[in-house]
Amino acid sequence: LVAPSRRFRLKGRLMKRNRKQGVFKEYLFFLFSDLLLYGKTVVGIRSRYTLHQLIPINRAFNIVPLPKSENPLSFLIVNSKKSFEVYAKSAAEFQTWMRTLADVMQHRAAAVNNQSDVSFVAPIWESDNKKTCQRQRNKKGLPCGT
């Protein structure tokens, strides 16, 4: 996590949609000048965390507000490693995250303008409950959803 040009920008709790059950779980997110990481607090130890994902902020990184979703404080984090939905618990937290993420993305874009960078985007993980299968079959041998 230590890099000469890396700067800490924001720390906070966001609710992240779980892919398997489609439910939201709380994670602690850390935003730096060139990456976003999230994890969970180790039970019984306040200042220790289990890292779940380290996401580079590159050309593929983007945030997409979802004002018409079930939670108006939700947004997508789209990137080359893993794309997913999160939501803030308050309007103030939502605005802070949106503003700070936009600022980091703008500064990062200027910094990597002349460097080669990853440019593909990982698909957004939808809940397995919502997913419709195209090539897979259910237990009866029929296309999923039938």
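Below is a short write-up of the structure. Predicted model only: the values in this text are computed from it and were never measured. (Residues numbered from 1 in each chain as written. Predicted model: local features only at pLDDT ≥ 70, side-chain atom pairs only at ≥ 80, totals over all residues. Heavy atoms only, no water.)

Our focus in this paragraph is the pairing of strand β6 (residues 74–78). The buried fraction of β6 is high, at 5 of 5 residues. Bridge count for strand β5 (residues 62–65) against β6 is 4 bridges, and the pairing is antiparallel. Across the sheet, the residue bridging to I63 is I77, located in β6. Across 4 bridges, β6 lies against strand β7 (residues 84–87) in antiparallel orientation. From the neighbouring strand, F75 faces β7, where its bridge partner is V86. Counting the residues between successive antiparallel strands, the hairpin from β6 to β7 contains 5 residues. (Buried < 20%, exposed > 50% of the residue type's maximum accessible area, 1.4 Å probe, protein only. Helix = DSSP H or I, 4+ residues; strand = E, 2+ residues; numbered from the N terminus. Pairing = 2+ DSSP bridges.)

Moving on, we come to the side chain of Q53. Along the chain, Q53 turns up in strand β4 (residues 49–56). Ignoring sequence-local partners within four residues, the contact set of Q53 consists of L36, L37, Y38, K81 and K82. (Contact = heavy atoms within 4.5 Å.)

Turning our eyes to something else, we now look at the packing of aromatic side chains. Applying the stated criterion to the full structure yields 8 aromatic pairs. Ring geometry for F29 against Y38: centres 5.0 Å apart, planes inclined by 25 degrees, an arrangement best described as stacked. Accessibility assignment for this pair places F29 and Y38 in one class, buried. An aromatic cluster is defined as three or more aromatic residues linked by ring pairs; in this entry it consists of Y27, F29, Y38, F84 and W97. Over the face of the ring belonging to F84 we find K16, whose NZ or CZ atom lies 5.3 Å from the ring centre. A cation over a ring is seen here: K40 above Y27, with NZ or CZ 4.6 Å from the ring centre. (Phe/Tyr/Trp six-rings, centres within 6.5 Å; stacked < 30°, edge-to-face > 60°. Lys NZ or Arg CZ within 6 Å of the ring centre and 35° of its normal.)

Let us now look at a nonpolar patch on the surface. A cluster of nonpolar side chains, contributed by L1, L51 and L54, occupies part of the molecular surface with about 300 Å² of accessible area. In this structure, L51 sits in strand β4. (Patch = residues over 30% accessible without salt bridge, like charges linked within 9 Å, V, L, I, M, F, W, Y side chains within 5 Å. Areas by Shrake-Rupley, 256 points an atom, 1.4 Å probe, with all protein chains shown as cover. Salt bridge = Lys/Arg side-chain N within 4 Å of Asp/Glu carboxyl O.)

What follows is about the nonpolar core. Ranked by size, the top nonpolar core spans 22 residues in total, and within it F29, L31, L36, F61, F75, I77 and W97 carry the most contacts. At the level of elements, β1 (8–17), β2 (24–32), β3 (35–41), β6, β7 and α1 (91–111) are the ones that each hand at least two residues to this core. Element by element, the count of residues in this core is highest for α1, at 5 residues. Excluding anything up to four places from it in sequence, F75 contacts L14, I63, V64, P65, L66, F84, E85, V86, F94, W97, M98 and L101. (Core = buried A, V, L, I, M, F, W, Y, C linked by side-chain atoms within 4.5 Å.)

With that settled, the discussion passes to the sheet that holds β3. To summarise the sheet geometry, strands pair through backbone hydrogen bonds and adopt either a parallel or an antiparallel arrangement. Taken in spatial order, the 7 strands make up an open sheet running β4-β3-β2-β1-β7-β6-β5, and their pairing is antiparallel. Of all strands in the sheet, those with a lone pairing partner are β4 and β5, marking the two edges. In this sheet, neighbouring strand axes are inclined to one another by 35 degrees on average, regardless of whether the strands run parallel or antiparallel. (Axes fitted to C-alpha atoms, helices over the stretch in contact; angles between N-to-C directions.)

In short, shape yes, function no, at least from these values alone.
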